[in-house]
Amino acid sequence: MSIGIQEESATGTASGALAVYLYKYGILPKASETARTFFQGMFMARPSEIEILLRDDGENTKVFVGGGVSDIIPLG
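Predicted, not measured: the structure shown is a model, and the values here were computed from it.

Caption draft 1: Broad picture of the overall build of the protein. Helices and strands together make up the secondary structure of the protein, namely 1 helix and 3 strands. Taken from N to C terminus, the helices and strands of the protein fall in the order α-β-β-β. In the protein, buried positions account for 24% of the 76 residues. Partitioning the intrachain contacts of the protein with sequence separation of at least 6 by distance along the chain shows that 36% fall at a separation of at least 24. If you sum the accessible surface of the protein, you get close to 5,600 Å²; carbon and sulfur atoms cover 59% of it.

Right, dumping it as structure tokens:
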């Protein structure tokens, strides 16, 4: 919190967007379901795991995001 802004150790929105990008450009394998885990926050001593599931029916790709953080940062 160097300038008064509480930092997030995990960003599901960024992980979901990255997964779709990697899938679209063939870096992740094309399949009806593709799952990946993104690890974030290690250098903040706030390790987190973001689980991403992509479901592709040939017309649309749906993104499911979940996960957790190891502990809670005090707000004070």
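Caption draft 2: Representation of the nonpolar core within the structure. One finds Ala10, Ala19, Leu22, Tyr23, Leu28, Phe38, Ile50, Ile52 and Leu54 forming the largest nonpolar core, which totals 9 residues. Where this core is concerned, the elements lending two or more residues are helix H1 (12-24) and strand S2 (48-56). Residues in contact with Ile52, not counting those within four places in the same chain, are Ser15, Gly16, Ala19, Thr34, Ala35, Arg36, Phe38, Val63, Phe64 and Val65.

Caption draft 3: Focus on the packing of aromatic side chains. For the coordinates displayed, the defined rule picks out 1 aromatic pair. Geometry around Phe64 places Arg55 over its ring, the cationic atom sitting 5.0 Å from the centre.

Caption draft 4: Summary view of the side chain of Thr34. Within the secondary structure, Thr34 is located in strand S1 (residues 33-40). Relative accessible area serves as the criterion here: at 5%, Thr34 is assigned to the buried category. A distance of 3.2 Å separates the side chain of Thr34 from the backbone oxygen of Pro29, its partner in a polar contact. Beyond its immediate chain neighbours, meaning those up to four positions away, Thr34 contacts Tyr23, Leu28, Pro29, Ile52, Leu53 and Leu54.

What counts, and at which threshold
- Residues numbered from 1 in each chain as written.
- Predicted model: local features only at pLDDT ≥ 70, side-chain atom pairs only at ≥ 80, totals over all residues.
- Heavy atoms only, no water.
- Helix = DSSP H or I, 4+ residues; strand = E, 2+ residues; numbered from the N terminus.
- Buried < 20%, exposed > 50% of the residue type's maximum accessible area, 1.4 Å probe, protein only.
- Contact = heavy atoms within 4.5 Å.
- Areas by Shrake-Rupley, 256 points an atom, 1.4 Å probe, with all protein chains shown as cover.
- Core = buried A, V, L, I, M, F, W, Y, C linked by side-chain atoms within 4.5 Å.
- Phe/Tyr/Trp six-rings, centres within 6.5 Å; stacked < 30°, edge-to-face > 60°.
- Lys NZ or Arg CZ within 6 Å of the ring centre and 35° of its normal.
- Polar contact = N/O pair within 3.5 Å; in protein donor to acceptor, adjacent residues only side chain to side chain.

Read these as layout, nothing more, since geometry by itself doesn't imply function.
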